Amino acid sequence: MRVDLDKWRAIDYNERLKKELKILERSKISDRNKNLILKYMNYRLADGVSVARVHREIVSLRLLCEKFGVELEELDEESLIVLLAKIETYGWKPATVNEYERDLRMLLRMIGKNELAGRIRVRDVKDNDLTREDLLTG
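All values reported here derive from a predicted model rather than from experimental measurement. (Residues numbered from 1 in each chain as written. Predicted model: local features only at pLDDT ≥ 70, side-chain atom pairs only at ≥ 80, totals over all residues. Heavy atoms only, no water.)

Quick look at the overall build of the protein now. If you tally the helices and strands in the protein, you get seven helices and zero strands. The secondary structure elements of the protein, listed N-terminal to C-terminal, are α-α-α-α-α-α-α. Among the 138 residues that make up the protein, the fraction classed as buried is 34%. Once local pairs closer than 6 in sequence are excluded, the contacts in the protein between residues at least 24 apart make up 63%. (Helix = DSSP H or I, 4+ residues; strand = E, 2+ residues; numbered from the N terminus. Buried < 20%, exposed > 50% of the residue type's maximum accessible area, 1.4 Å probe, protein only. Contact = heavy atoms within 4.5 Å.)

If you look at the biggest cluster of nonpolar residues, it comprises 33 residues, and the most contacted ones within it are Ile37, Leu72, Leu75, Ile87, Leu104 and Leu108. Secondary-structure elements contributing two or more residues to this core are α1 (13–26), α2 (31–46), α3 (51–68), α4 (77–88), α5 (94–110) and α6 (114–118). Looking at which element gives the most residues to this core, the answer is α3, with eight residues. (Core = buried A, V, L, I, M, F, W, Y, C linked by side-chain atoms within 4.5 Å.)

To continue, consider the side chain of Arg44. Within the secondary structure layout, Arg44 lies in helix α2. Judged by relative accessible area, Arg44 falls into the buried class, the value being 9%. Setting aside its immediate chain neighbours within four residues, Arg44 contacts Val49, Arg53, Val54, Glu57 and Met106.

For the rest of this paragraph, the subject is the pattern of salt bridges. Scanning all chains against the criterion turns up 10 salt bridges. One salt bridge in this structure joins Arg32 and Glu73, with 3.4 Å as the shortest N-O distance. Of this pair, Arg32 sits in helix α2 while Glu73 is found in the loop between α3 and α4, placing the two residues 41 residues apart along the sequence. One salt bridge connects Arg44 with Glu57, and the closest N-O pair in it is separated by 2.8 Å. Taken as a pair, Arg44 in helix α2 and Glu57 in helix α3 lie far apart in primary sequence, 13 residues in all. Each of Arg44, Arg53, Glu57, Glu99, Arg102 and Asp103 takes part in one network of salt bridges that share partners. (Salt bridge = Lys/Arg side-chain N within 4 Å of Asp/Glu carboxyl O.)

A cluster of basic side chains, namely Arg16, Lys18, Lys19, Lys22 and Arg26, defines a positive patch on the protein surface. Along the polypeptide, Lys19 turns up in helix α1. (Patch = residues over 30% accessible without salt bridge, like charges linked within 9 Å, V, L, I, M, F, W, Y side chains within 5 Å. Areas by Shrake-Rupley, 256 points an atom, 1.4 Å probe, with all protein chains shown as cover. Lys, Arg positive; Asp, Glu negative; His and termini not counted. Charge placed at Lys NZ, Arg CZ, Asp CG, Glu CD.)

Time to look at the confidence of the model for the protein. In this model, the protein carries a mean pLDDT of 89, and residues with pLDDT of at least 70 account for 83%. Mean pLDDT per element in the protein: helix α7 (residues 132–136) is the minimum at 54, and α2 is the maximum at 98. (pLDDT = per-residue confidence, 0-100.)

If you want it as structure tokens, here you go:
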């Protein structure tokens, strides 16, 4: 049996995005945060970012608002430092921390808070601890 790869997808990200939008609508976060996240979603989609990536980003932003009670538009240097400290010490894996910080940085850039966005350093997270020497020996 032959599968038409143009029609078949293992994961339907458009459907996932629709479900996330319903979750966002029911979320207890402020309407200002909801509207900003929707604006961000449209901004990223219009910029040609994949639906899968945009889905992941808006989930991250919603969860940051829910878990830490942040008002995204009201972030200033002091509140950003507190938020970043909470993200770093929440117990997430480094790659997850990186995702949340990267998404927050992109949102801050969209709303014109470039100086704040520049305070967020996104690291290149490695999946393992192999070194160059490990690869050359053996």
